[in-house]
Amino acid sequence: MDALRVLLVNVFKMVTLMGFAFALLGFYFQLEAIREANALYIMDNEYAVELFGLSWLYLGLGAWAMIIGVLVTINLENKGVK
């Protein structure tokens, strides 16, 4: 049972890192949307609007993955798993 908890800790540490990667990808998509629109007002360019919406999706998924990963990892480590 202890080996399973160690595996879970490592999996959720990986989930946290993947969440961080998704958040960085979301920031990249936001910058790309602004660059594609050539201005700060992106509503004129349909592709930029799609990129901007996709960026918020990735930012949201990344944030939730980081929150869940950190909370589960802390919970498992408090139960004695290192």
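Before going into details, it helps to say that this report is about the structure given with it.

The rules behind these values
- Residues numbered from 1 in each chain as written.
- Predicted model: local features only at pLDDT ≥ 70, side-chain atom pairs only at ≥ 80, totals over all residues.
- Heavy atoms only, no water.
- Helix = DSSP H or I, 4+ residues; strand = E, 2+ residues; numbered from the N terminus.
- Rg over C-alpha atoms; globule rule 2.2 N^0.38 Å.
- Contact = heavy atoms within 4.5 Å.
- Areas by Shrake-Rupley, 256 points an atom, 1.4 Å probe, with all protein chains shown as cover.
- Lys, Arg positive; Asp, Glu negative; His and termini not counted.
- Charge placed at Lys NZ, Arg CZ, Asp CG, Glu CD.
- Salt bridge = Lys/Arg side-chain N within 4 Å of Asp/Glu carboxyl O.
- Polar contact = N/O pair within 3.5 Å; in protein donor to acceptor, adjacent residues only side chain to side chain.
- Expected span 1.5 Å × (residues − 1).
- Buried < 20%, exposed > 50% of the residue type's maximum accessible area, 1.4 Å probe, protein only.

Attention shifts here to the overall build of the protein. Assigned secondary structure in the protein consists of two helices and zero strands. Taking 82 residues into account, the globule formula puts the C-alpha radius of gyration at 12 Å, and the protein, at 18 Å, lies well above it. With respect to the principal axes defined by its C-alpha atoms, the protein has extents near 55 × 15 × 15 Å. Here the analysis covers contacts within the protein between residues at least 6 apart in sequence; of these, 71% occur between residues at least 24 apart. As presented, the protein carries roughly 5,800 Å² of accessible surface, and 71% of it is formed by carbon and sulfur atoms. Side chains of the protein give 5 positive and 7 negative charges; the mean places of these two sets differ by 24 Å.

To continue, consider the pattern of salt bridges. Once the charged atoms of two side chains with opposite charge are near each other, the side chains can pair. All chains considered together, the criterion is met by two salt bridges. Across the pair K13 and E77 runs a salt bridge, and its minimum N-O distance is 3.4 Å. With a gap of 64 residues between them, K13 in helix α1 (residues 2-37) and E77 in helix α2 (residues 46-78) connect regions that are remote in the sequence. Here R35 makes a salt bridge to E32, at a shortest N to O gap of 2.9 Å. Here E32 and R35 lie together in helix α1, a separation of three residues that amounts to about one turn.

The next point concerns the side chain of T16. As for its position among the elements, T16 is in helix α1. Only 2.9 Å separates the side chain of T16 from the backbone oxygen of F12, close enough to count as a polar contact.

With 33 residues, α2 extends 48 Å between its outermost C-alpha atoms, agreeing within 8% with the 48 Å of an ideal straight helix rising 1.5 Å per residue. Every buried residue belonging to α2 is among A48, L51, S55, L59, G62, A65, G69, T73 and L76, and all of these are buried. Contacts from the buried residues of α2 go to α1. Remark: G80 follows α2 within two positions and exhibits a positive phi of approximately 105 degrees.

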